[in-house]
Amino acid sequence: MEISEDKQANVINEFNNFTDALKKFGKLVETTVIQKKEERLGIYVKNEDTIDYEKFHESILELFGPEIKSQDVKSFYRKLSNNPDVPVDWCEIFGYFLSEEDALASQLDEENLVFLVSRKQRIGLAGGWKRDVVKCLVKIPQLDFLIIATQKGSITVFNSQMRAQANINVTDTSWITGCDYLPQLKRIVAVTERTIIIWDYKAQGSSQDNCFVIKPMDHCLLCVCVVPMTDHLCRDDILMGDDGGFVNRFTLNSDDFGLKKSKNKKKMQSQILDSKNFKNIKRKLHNDWVMKIKYIQPLNCFGSCSLDSIHSFVLESLKRLEDNMPVREFSMPRGANTFVYCIKANVIVTGGDDKILRLWHPNISTKPVGKLVGHMFSITELVTNEKDQHVISLSSAKVFRVWDIQTLSLLQVFHDSQGGPGDMQIYAMIFDYNHGMLVTGSSVIDMYPLTRMIQDTKQIPHSHDRDINVMVYNRTFHQLLTICSESIIKFSFFMETILMMEYQVWELETGHQIYQIFDPHGSSIEVTTAAIDKSGFVLATGAYNGTLKLWDFGSGQEMKVLVEGKDWKEDDHWLHQLTFLATKEKNHFLILALEYNGRIKLVQGKEEDPLLAVIWELPEVVPIFIQGKKVIPLTVSSKPKTMNIPIPEVELEPNENEPVVLNINPGISMEVTCFDVLIMEGYNMIAAATVNGIIILWNFVLCTVTELHRPEDALILDPDLDPERLKVNAMLFLFRSSDCVRKISEESITSSAQSDSTHGLQSNKKFKQLTAWRGHALKIVNVIYVEDKQVVLTSSVDGSVRIWHARNGHYCGYFGQRRTFELNEVTDFILPCDVNEYPVEVKEESKYTEKKQRYEYPLVFDRDKWRKMSSFSLLFRRPIPKPFDVNQEFKFFKSLSSPKIRRNVLESTMTGNREAGVIFGSLPIYRVPSPTSLRFLPLIGADAHKESSENFQGKKKGGRILHSQSRRRSLRKSLAPEVNLTSAFFPVIQK
């Protein structure tokens, strides 16, 4: 009775809390509605209590918890902003407006399956024995290779492309039961029924000569694992379980195998070592076979499972193996065949012959925290996908089940239907985190890829059916707008072709489409540009016929329009670029528009006027710059059409407004192609660029127009060159306030510092390339960098909009795919199907690294060094060397030095010699001028003696130079053979 009363009190308490949250939610909605109504009337004054989207979202999370979806909050807030009088229901904030049919269809869709079984890959065992099976699989993520051990003694190391790198066939009568990798000794350990095998897979020579066999063992070894020990070098500890219920801790040192002395030997002789010479600590923890053993590093404990119903699973530290203290035991009927630990969820999952998956907390051994039921046969293997929080279980009937560890729900069931139950029993299973793949081992190796890996790498990214013209990002609501042209061919009694325009709005965090509008400017009218105001509520679109429209971004309703003029020529008023200007008045819009003919005009939209109107145009100044002027003065119009606008209406001075006669080719284009606006305190500028590369700056503070840059061949028309080779496609002001100091951190890619000289305009800044990658196979239309998400958005004429990680260029997905984006930093590296080039990162050398000394080769003989050394005549005063004596005089080698670097440019000519072959026949030949100060090397042998004797006879006269014939013969014998090496090093120089 007391328990039921407590439950009833808890239910009443929860009901009261939820009721209070609903009341607070009603007050929040009421306050937001009043604020939106006052904003529409233009009477609202912003203060600290102003409710924007960020504050509204935080209030919702405080009331109902973090489980509320951001997309539902955005839809609810947008609904209030668009129409404050619309009735709302509190259920909408929880997203209950979705139908069950859509959710069911989404679950049954193949793209939402965890593993794509239809893309399974199968690899046969390399060599080995007939009727052999894989007994153990070990993945080494640090080295990205896979170790496969078969039952009959074959151990193979596979690389990331699943190609065999090393293999050994153990000549042992016992079967292999397990294997692992020794990280300190850099070896592979495998256990058989009675022995331990240590194999050096990297050593050259015969594989049989590179392994050690440790035996005998007291019991039959059934499993093995390595204990990571980073504090001990040249030492590894392994844990082994046997058929007697013992857990053994075996210590392996490099000195035990003579690994330090093996470098001097050509081959490491195969040796059989006695197990009694190794440190072995063991303790009986189970009353039956130890089926699996693992060391769980986050818990600093080892776990072992057995078929024992009482001591089914043991979780304890390594110290308990050395004493008889009680250990943590988990009991379950019929024992446990396997177990796995989930790091994020902090639970241990066990499975056995009772067909039930049990979830245990590491510190609670009395009762499991959850159960998963569904298997019809004994559970043999368990693995986890930590990234997605999935547990994959395998039964003896080769049935796989994928579970969500957070919701305890079943996600997928699939069956390996190839082969009979006994012929291809699966003995081992792992999950490869590096490649997103489930690997199983039987008589073959099967690999099941994750659906998202296949979807991202094999499926063609498709966001639109036609080329994408425009991509704009709404930074307020974190949404993306894309516009494309779509050709639809309808077949009826006759064939009809219709050009249909549409624009779509996407959610950045999920990549899902929110809504789309067909033919926004009318039938067969192409939309060429778009822009979003700073608040994020108003969208402007421009078409090729010159029409401009304003839209409500949240609802997609048309607000105002600039109609087409009667005298407008086709394509003459094609809109290229739109930019919103900030205004102080409510519902007052100012838009700068760039036309195809190069004119920049200001479009105004007032609240009381349903139509947009052009109030002024910037005068044409490019022809005046071509005449030779660098600065053109401006005057503010005395009769402006509109007052209080950010950019004043300007005109050319009377002397500059005369007709301009140009002496250039009329085929040269001078239209403005792009512009950017900078309106801040002290700055009021427009920078524009033309199709021939001329950059001009409008300064409305100084009332001047300045030509900043003109290419040398800007006014040259060459039919052999591309006329748009100098075209500037986009430009951007780089500006930060003078008191803004950007801190260098890991969250930011760019950095800037305070500059007193430029007062905000960052000049003389060097740009350094960090990363480059290929994003599309075809032309890229637009690129957007989202700083808060650290992602890059790209759109192309191939009809796809893709999202990438900004730091490393990793592919996240495309807009329009079924699965949700994963914008967090991930380890899975994938590429779209039409891209096969990896990103290139440019690494800069650290300025703190010491520069190593560089040597120049080859060395040449230096005559000056030779003269500075001892006299050549001392050579004749030395005694006759005895046999096998080494002459310690290395004067010749001390006279060698590096060659002088040539400063002149070498002349080169192409040989074009076909007889020399394809490679050498096309290599350039460099013509090097002959040296003028180069002399011969000293002659070695008899010629050297002869030349030296003649020199001494010419300089000095006396009996000291005369020597006997025996003296000459002995000297000739002690010198080198009579060879002149000068011609081998230097060409002959004509005197």
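Structure first, text after, so check above.
This one's a predicted model, so the numbers in the text were calculated from it and none came from an experiment.

### A look at the sheet that holds strand β44 (residues 672-680)
A sheet is described by the order of its strands in space; here six strands give the open sequence β43-β42-β47-β46-β45-β44, paired in antiparallel fashion. Of all strands in the sheet, those with a lone pairing partner are β43 (650-652) and β44, marking the two edges. Averaged over all pairs of adjacent strands, the angle between strand axes in this sheet comes to 25°, irrespective of strand direction.

### Quick look at the sheet that holds strand β9 (residues 211-215)
Across the sheet, which stays open at both edges, the five strands sit in the order β6-β7-β8-β9-β13 with mixed pairing between neighbours. Because the sheet does not close on itself, it has two edges, and the strands there are β6 (176-182) and β13 (271-274). Across this sheet, the average inter-strand angle for adjacent strands is 20°, counted without regard to direction. Where strand β8 (residues 196-199) and β9 come together, four bridges link them in antiparallel fashion. The residue of β9 that forms the bridge with isoleucine 198 is phenylalanine 212.

### Quick notes on the pattern of salt bridges
What the rule picks out here adds up to 20 salt bridges. Measuring nitrogen to oxygen at the nearest pair gives 3.1 Å for the salt bridge that ties aspartate 200 to arginine 187. Of this pair, aspartate 200 sits in the loop between β8 and β9 while arginine 187 sits in strand β7 (residues 187-192); the two residues are 13 residues apart in sequence, bridging distant segments of the chain. An identical accessibility class is assigned to aspartate 200 and arginine 187; each is buried. The closest approach of N and O atoms between aspartate 354 and arginine 358, which form a salt bridge, is 2.3 Å. Neither residue differs from the other here; aspartate 354 and arginine 358 are each classed as buried. Salt bridges sharing common partners tie together Lys120, Arg122, Asp416 and Asp446.

### Considering the side chain of arginine 187
Accessibility expressed as a relative area gives 12% for arginine 187, which makes it buried. At a separation of 2.9 Å, a polar atom in the side chain of arginine 187 contacts the main-chain carbonyl oxygen of leucine 185.

### Some points on the pairing of strand β49 (residues 780-786)
In this sheet, strand β50 (residues 791-796) lies alongside β49 in antiparallel orientation, the contact comprising six bridges. By the bridge assignment for β50, asparagine 782 is matched with serine 795. Counting the residues in the hairpin turn of β49 and β50 gives four residues, including glutamine 790, whose phi is positive at 55°.

### Observations regarding the environment of valine 561
Looking at the secondary structure, you find valine 561 in strand β37 (residues 558-562). Under the relative-accessibility criterion, valine 561 is labelled buried at 16%. Considered as a pair, valine 561 and glycine 542 are 19 residues apart in the sequence and their alpha carbons are 9.9 Å apart.

### Some thoughts on the pairing of strand β16 (residues 301-306)
Of all six residues in β16, six are buried; the element is thus mostly enclosed. On β16, burial covers both faces: Cys301, Gly303 and Cys305 on one face and Phe302, Ser304 and Ser306 on the other are all buried. Counting the residues in the hairpin turn of strand β15 (residues 290-296) and β16 gives four residues, including asparagine 300, whose phi is positive at 55°. Note that β16 and strand β17 (residues 313-316) share four bridges and pair antiparallel. Counted as the bridge partner of glycine 303 is leucine 315 from β17. Here β16 hands over to β17 after six residues, the two strands then running antiparallel side by side.

Cut-offs used in this document
- Residues numbered from 1 in each chain as written.
- Predicted model: local features only at pLDDT ≥ 70, side-chain atom pairs only at ≥ 80, totals over all residues.
- Heavy atoms only, no water.
- Pairing = 2+ DSSP bridges.
- Helix = DSSP H or I, 4+ residues; strand = E, 2+ residues; numbered from the N terminus.
- Axes fitted to C-alpha atoms, helices over the stretch in contact; angles between N-to-C directions.
- Salt bridge = Lys/Arg side-chain N within 4 Å of Asp/Glu carboxyl O.
- Buried < 20%, exposed > 50% of the residue type's maximum accessible area, 1.4 Å probe, protein only.
- Polar contact = N/O pair within 3.5 Å; in protein donor to acceptor, adjacent residues only side chain to side chain.

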